[in-house]
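Examination of the molecular architecture
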Amino acid sequence: MREHARVVVIGGGVVGCSVLYHLAKAGWTDAILIERSELTSGSSWHAAGGFHTLNGDPNVAKLQAYTVSLYRELEELSGQSCGLHLTGGVMMANSPERMDYLRLAHAKGRYLGMDTEIITPNEAAAMYPLMDPSHFIGALWDPVEGHLDPSGTTHAYAKAARKLGATIVLRNRVVELTQEPGGAWNVVTEHGTIEAEHVVNCGGLWAREVGRMVGLELPVLAMEHMYFLTEPMPEIAEFNARTGREMVGVIDLPGEIYTRQERGGVLLGTYEKECRPWSPKTTPWDFGQELLVPDLDRIAPSLEVGFQHFPALGNAGIKQVINGPFTFAPDGNPLVGPVQGLTNYWVACGVMAGFSQGGGVGLVLANWMTEGDPGHDVFGMDVARFGEWATPRYTSAKVRENYARRFSLRFPNEELSAARPTQTTPLYDIMTTERNAVMGVTWGLEVPLWFAPEGTPARDELSFHRSNDFNSVGAEVRAVREGVGVTEIANFAKYVVTGPGAEGWLDHLLAGAVPRPGRIALSPMLNPAGKLIGDFTVAHGTDGRFHLWGSSAAQIYHMRWFEAHLPADGSIRVERLGMKLMGLMLAGPRSREVLAALSDHDVSNAAFRFMDHRTMDVAGVPGMVNRLSYTGDLGYEIWVEPCYLRALYRAVKAEGASDFGMRALLSTRLEKNFPTWFAELRPIYGAAEGGMERFVRLGKDFIGREAAAREAEAGPRLRRVGLAIEAADADVMGDEPIWARVDRDYGSVAPAHGLGAERFDAEGRAVAKIDARRDGDWRVVGWVTSGGYGHGVRLSLAQGYLPAALAEREETGLFEVEILGVRRPARILVEPPFDPDGTRMRA
């Protein structure tokens with residue numbers, strides 16, 4: 001075994017082999033994969049082997065589509081069959097709510113280049129005649145679904161990696177990881193030590209153990225998962241002989257079952273409610289290619305439904321029951337990327353859908369390691385999306401909840417209950433017991449979403465349509481627009497930057513201007529490719545300290561970037577303040593009046609200007625005050641230590657401020673067409689595309705300047721736009737397609753995978769060629785990023801991206817937005833509908 005390598009990949013499942021292959025393909029052939037036993041000896045070997053492209057996160061869906069499209073190339077390069085069965089699949093619904101879910105998935109697929117189709121139960125039953133269509137009211141057909149041979153696919157990755165020059169070492173467990181002062185890793189194995197520049201944790205079931213070698217507690221947990229195989233069934237033999245085709249895969253949403261043909265029989269699995277973690281604290285190193293004891297009683301409720309929905313299964317004999325462990329992260333998505341605070345330690349684990357996602361995970365991680373950027377928007381997979389609050393007990397509660405709900409509906413206004421409350425502010429009890437607040441979670445923190453009327457239950461009525469919060473949120477918005485409102489803003493990310501070179505460091509890190517002492521600036525942060533990776537409010541204190549505020553969910557993501565760019569001499573320090581600093585937002589035309597009553601300082605417009613930053617006492621407590629507001633109205637942010645928050649809030653309420661929650665805040669920001677991080681501002685958009693070019697200072701040197709200058713000179717390909725929609729009883733939720741009546745292709749929609757877009761009748765004949773992105777003169781030209789109802793302007797509003805050539809076309813009849821399967825007329829709002837010239841913020 002070699003003593004040196006550029007990178008060591010730990011773990012020989014499908015993910016580890018994919019990472020190795022993609023690293024070698026990118027030119028890093030000095031890479032070694034070390035596996036404690038044989039390839040696939042964790043979860044990969046007993047996986048059901050299904051793959052699909054649909055995902056709740058469209059960016060993850062794109063990588064799943066890449067994974068599926070990779071398999072033919074992988075077979076050709078490796079000479080190893082993946083056992084690919086591209087059958088297509090249907091997702092079945094039995095209620096109007098589940099049909100709404102399918103319509104959302106279908107609409108989302110349009111702009112992703114997925115040729116899905118809403119079909120009838122009888123059309124689905126023609127392709128899978130084991131079902132009784134009377135139990136369903138509709139279905140979604142996806143031609144790019146199927147199954148493969150898990151072992152063959154993993155070995156195809158491995159053989160392809162070897163052909164490209166990478167090395168695989170089997171039966172050699174990694175026992176320790178240490179790091180030299182210069183950053184090199186010592187990978188200590190049972191058969192010797194390898195010095196490596198990079199280490200990648202693809203440990204799968206042992207990812208926690210490999211993380212603990214460097215003091216890292218990864219939020220992953222293994223769950224027992226069962227499926228069974230039947231004996232050959234005559235119904236399947238007859239269908240195969242008659243059509244010359246294999247039966248399609250089926251996801252039965254009401255039954256919470258997945259099923260497909262497996263040879264001459266059926267494979268059926270379920271994500272049962274009574275789920276069970278496996279080895280919750282540690283994973284034994286000697287666990288190998290073995291299965292767990294089956295427990296059909298635990299999945300009996302799902303099987304009872306399955307035998308009703310698929311009656312032929314009641315007569316089939318069960319040949320084998322497979323019960324094996326798979327690892328999950330709290331939200332079900334993988335954990336991928338570099339770990340904050342560790343040099344060149346990477347993770348690719350928690351990939352429960354390895355044969356749908358493994359190729360995409362390997363691609364983005366290899367890009368990240370070799371090019372410094374994943375090349376895709378992968379925050380939904382990024383290990384940095386979890387904070388220190390994601391402890392093992394939190395992980396256990398959320399993984400069990402996620403597993404049990406895998407085929408359950410998730411409504412857009414639904415807040416899940418597991419592991420709550422984890423983080424609370426000093427106002428939590430006031431909000432829940434005195435103010436009747438409906439609470440939600442932002443990055444582990446409880447935040448007020450809206451305030452239910454006194455005497456009514458403080459809960460959401462779950463729906464894809466406007467719900468019981470609509471009138472209350474409207475009243476909160478009107479209270480802000482007509483008077484003064486107060487909302488808690490502890491969920492903002494907060495940082496402080498200090499040191500003799502802090503100003504120059506920030507000036508290079510951020511694309512915008514660094515403010516003068518006592519002032520505030522808004523600044524995007526770009527990567528070297530000129531893409532948006534941050535959006536900050538920056539305040540320059542008179543004491544030389546710089547305070548930054550940003551998105552709470554990106555705290556670890558941004559700290560990782562900050563730390564990677566700090567000078568080695570320690571002259572500059574960045575501290576993430578977290579819950580050490582909390583605050584309230586005052587907003588509305590009476591907000592100055594309230595602040596004046598609570599402060600001995602002159603807060604007149606002349607003395608305390610828009611975008612000023614002051615250290616001052618408010619209601620007798622020390623704090624910092626920023627004159628700005630995300631509502632687009634006159635407003636202030638008051639920041640204090642936690643011990644002062646209750647007193648400050650009581651004083652503000654005594655001056656007549658009305659409570660408003662996060663949903664009202666988001667409604668007001670839509671009325672101003674303000675973007676938000678992770679919706680409109682993401683690492684796939686340039687500053688000009690996101691409408692942030694006015695904050696970029698091309699005359700200075702900053703990271704991403706050259707790319708930003710090229711974008712400014714050539715003009716952006718896309719543009720963020722605001723839209724007003726003629727909606728009915730439902731507003732956009734995000735990811736809806738934007739249609740336009742245009743005479744040419746603007747190239748803004750992802751191309752189809754080229755893997756087939758047909759469906760079939762009962763005789764196996766192709767009956768439809770699908771192009772989900774065209775309808776006569778109409779084409780899908782863009783997508784919605786976020787939206788809702790603007791209560792102050794009484795408009796259904798959305799933001800989204802369109803080709804730049806269409807972004808200022810204000811004429812009516814040109815655009816439509818698809819909401820729950822119905823295309824609604826829409827028009828572009830070149831100016832925000834509320835206070836377009838910004839006079840109220842500056843008044």
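Above this text sits the structure in question.
None of the values given here were measured: they were computed from a predicted structure.

Here helix 12 (residues 470-482) crosses helix 17 (residues 662-671) at 60 degrees, and the two axes come no closer than 9 Å. With respect to helix 17, the element helix 12 is oriented oblique. In this structure, helix 12 crosses over helix 17, and the sense of that crossing is right-handed. Contact residues: Val473, Glu476, Val477 and Arg481 in helix 12; Arg663, Ala664, Ser667, Thr668 and Glu671 in helix 17. For the contact of helix 12 with helix 17, the residue count by class is 3 nonpolar, 2 polar and 4 charged.

Next up on the list: unusual backbone geometry. Of note, the amide linkage connecting Arg420 to Pro421 takes the cis form, showing an omega dihedral of -10 degrees. Of note, Pro421 is situated in the loop between helix 10 (392-404) and helix 11 (428-434). With a phi close to 50 degrees, Trp443 is a non-glycine residue in the positive phi region. Along the polypeptide, Trp443 turns up in the loop between strand 20 (437-442) and strand 21 (445-451). Assessed through its relative accessible area of 12%, Trp443 is described here as buried. Positive phi, normally seen in glycine, also occurs at Arg794, with a value near 55 degrees. Examined against the element boundaries, Arg794 turns out to sit in the loop between strand 38 (778-790) and strand 39 (795-803).

To continue, consider the pattern of salt bridges. On inspection of all chains with the given rule, the structure shows 55 salt bridges. The partner of Glu224 in a salt bridge is Arg298, and the shortest N-O contact between them spans 3.6 Å. Of this pair, Glu224 sits in strand 12 (residues 221-230) while Arg298 is found in the loop between strand 16 (277-278) and helix 8 (300-309), placing the two residues 74 residues apart along the sequence. Looking at Arg298, the relative accessible area reads 9%, which means it is buried.

So, about helix 12. Look at helix 12: 18 Å from first C-alpha to last across 13 residues, which is about the 18 Å you get at 1.5 Å a residue. Taken together, the buried positions of helix 12 are Ser472, Val473, Gly474, Glu476, Val477, Val480 and Arg481. Packed against the buried residues of helix 12 are strand 21, strand 22 (485-488), strand 28 (582-587), strand 32 (658-659), helix 17 and helix 19 (839-842).

The next thing to look at is the packing of helix 5 (residues 150-163) against helix 9 (residues 354-371). For any two helices packed against each other, the geometry comes down to the angle between their axes and how far apart the axes lie. Interhelical geometry of helix 5 versus helix 9 gives an angle of 10 degrees and a closest axis separation of 12 Å. In terms of orientation, helix 5 lies roughly parallel with respect to helix 9. Contacts between helix 5 and helix 9 involve Pro150, Thr153, Thr154 and Tyr157 from the former and Phe355, Gly358 and Gly359 from the latter.

Residues Leu177, Tyr345 and Phe562 are the most contacted members of the largest nonpolar core, which totals 156 residues. Of all the elements, helix 1 (residues 14-25) adds the most residues to this core, at 8 residues. Sequence-distant contacts of Tyr345, defined by excluding residues within four places in its chain, comprise Leu177, Trp185, Val199, Asn201, Val210, Gly211, Val214, Leu216, Gly337, Pro338 and Val339. Residues Val594, Phe610, Tyr649 and Leu665 belong to the second largest nonpolar core, which totals 61 residues.

Glancing now at the sheet that holds strand 31 (residues 635-640). The 6 strands are arranged 29-30-31-28-22-32 in an open sheet whose pairing can be described as mixed. Strands at the two margins of the open sheet, each flanked by one partner only, are strand 29 (613-618) and strand 32. For strand 22 and strand 32, the ladder comprises 2 bridges, and the chain directions are parallel. Counted as the bridge partner of Gly485 is Ser658 from strand 32. In the packing of helix 16 (residues 645-654) onto the sheet, the strands contacted are strand 22, strand 28, strand 29, strand 30 (621-626), strand 31 and strand 32, and the crossing angle to strand 28 comes to about 15 degrees.

It is worth spelling out the layout of surface pockets at this point. Its boundaries defined by the atoms lining it, the second largest pocket holds a volume of some 830 Å³. Pro338, Trp368, Gly372, Arg560 and Trp561 are, among the 32 residues lining the second largest pocket, the residues nearest its centre. For the lining of the second largest pocket, the elements supplying multiple residues, two or more each, are strand 19 (345-349), helix 9 and helix 14 (555-564). In terms of residues, the lining of the second largest pocket owes the most to one element, helix 14, which gives 5 residues. Residues of the lining of the second largest pocket, tallied by class, amount to 17 nonpolar, 8 polar and 7 charged.

On to the sheet that holds strand 24 (residues 520-526). Pairing in this open sheet of 5 strands is antiparallel, and the strands run 24-25-26-23-27 from one edge to the other. At either margin of the open sheet sits one strand with a lone partner, and together these are strand 24 and strand 27 (573-576). If you compare each strand with its neighbour and ignore which way they point, the axes differ by 25 degrees on average. Taken together, the 4 bridges between strand 23 (residues 493-498) and strand 27 define a ladder with antiparallel strand orientation. Within strand 27, the position partnered with Tyr495 by the bridge is Arg576. Along the sheet face, helix 14 touches strand 23, strand 24, strand 25 (532-540), strand 26 (546-550) and strand 27 and points at about 80 degrees away from the line of strand 25.

The next subject is helix 15 (residues 591-598). Among all positions in helix 15, only Ser591, Arg592, Val594, Leu595 and Leu598 are buried. Around the axis of helix 15, the buried residues are gathered within 160 degrees of arc, so they sit on the same side. Where helix 15 is buried, its residues meet strand 28, strand 29, strand 30, strand 31 and helix 16.

Relative to the helices and strands, Thr259 resides in strand 14 (residues 257-262). For Thr259, a relative accessible area of 3% puts it in the buried group. Among the polar contacts listed, one links the side chain of Thr259 to the backbone oxygen of Leu267, at a separation of 2.9 Å. In this structure Thr259 touches Tyr128, Val248, Gly249, Val250, Val266, Leu267, Leu268 and Phe310, once residues within four positions along its chain are discounted.

Time to look at the packing of aromatic side chains. One pass over the full model with this rule turns up 30 aromatic pairs. Ring centres of Trp677 and Phe678 lie 5.5 Å apart, and the angle between their planes is 55 degrees; on these two criteria the pair is classed as tilted. Neither Trp677 nor Phe678 differs from the other in exposure class; each is buried. Feature note: the residues Tyr258, Tyr271, Phe328, Tyr403 and Phe407 constitute an aromatic cluster, connected by ring pairs. Taking the ring centre of Phe760 as reference, the NZ or CZ of Arg245 above it sits at 3.5 Å. Stacked on the ring of Tyr271, the Lys or Arg Arg406 has its end atom at 5.2 Å from the ring centre.

Quick notes on the rules
By convention here, each chain's residues receive numbers from 1 onward along its written sequence. A pLDDT threshold of at least 70 governs which residues receive local features in this predicted model, and a stricter bar of 80 or more applies before side-chain atom pairs are shown or counted, although totals over entire chains, interfaces and linings include all residues. Side-chain figures throughout are based on the complete set of non-hydrogen atoms in the structure, without hydrogens or water. Convention adopted: a line fitted to C-alpha atoms gives each axis, helices being fitted over their contacting stretch, and angles between N-to-C directions are expressed from 0 to 180 degrees. Each helix corresponds to a stretch of at least 4 residues labelled H or I by DSSP, and each strand to a stretch of at least 2 residues labelled E; elements are numbered beginning at the N terminus. Small angles under 35 degrees read as roughly parallel and large ones over 145 as roughly antiparallel, with 65 to 115 read as roughly perpendicular and the rest as oblique. Crossing handedness is defined as follows: a turn of the near helix away from the far one that is anticlockwise and smaller than a right angle gives a left-handed crossing, while the clockwise case is right-handed. Any two residues whose heavy atoms approach within 4.5 Å are treated as being in contact. The nonpolar class holds Ala, Val, Leu, Ile, Met, Phe, Trp, Tyr, Cys and Pro. Asp, Glu, Lys and Arg form the charged class, and all remaining residues, Gly among them, are polar. Type-normalised accessible area, obtained with a 1.4 Å probe on protein chains alone, sets the label of each residue: buried when under 20%, exposed when over 50%, and partly exposed for intermediate values. By salt bridge we mean one thing: a side-chain nitrogen of Lys or Arg within 4 Å of a carboxyl oxygen of Asp or Glu. Here, expected helix span is obtained from the residue count minus one, scaled by 1.5 Å. Remark: nonpolar core denotes a set of buried residues (Ala, Val, Leu, Ile, Met, Phe, Trp, Tyr, Cys) joined through side-chain atoms within 4.5 Å. The pairing criterion is simple: DSSP has to find at least two bridges between the two strands. Buried and open spaces are told apart on a 1 Å grid over the protein atoms alone, a cavity being a set of points where a 1.4 Å probe fits but cannot get out and a pocket being an open set with protein on both sides within 12 Å along at least five of seven lines. Residues with an atom within 4 Å of a point are the lining residues. Grid points are joined across faces, edges and corners, and a volume is the space filled by probe spheres set on the points. The directions considered for the arc are those from the helix axis to the C-beta atoms. Contacts described as polar in this section are N or O atom pairs within 3.5 Å, which, within protein, must combine one atom able to donate a hydrogen with one able to accept it, while residues neighboring in sequence count only if both atoms come from side chains. Between rings of Phe, Tyr and Trp, where Trp is taken as its six-membered ring, a pair exists when centres lie within 6.5 Å; planes separated by under 30 degrees are stacked, by over 60 edge-to-face, and by other angles tilted. Lysine NZ or arginine CZ positioned within 6 Å of the ring centre and within 35 degrees of the ring normal marks a charge as sitting over the ring.

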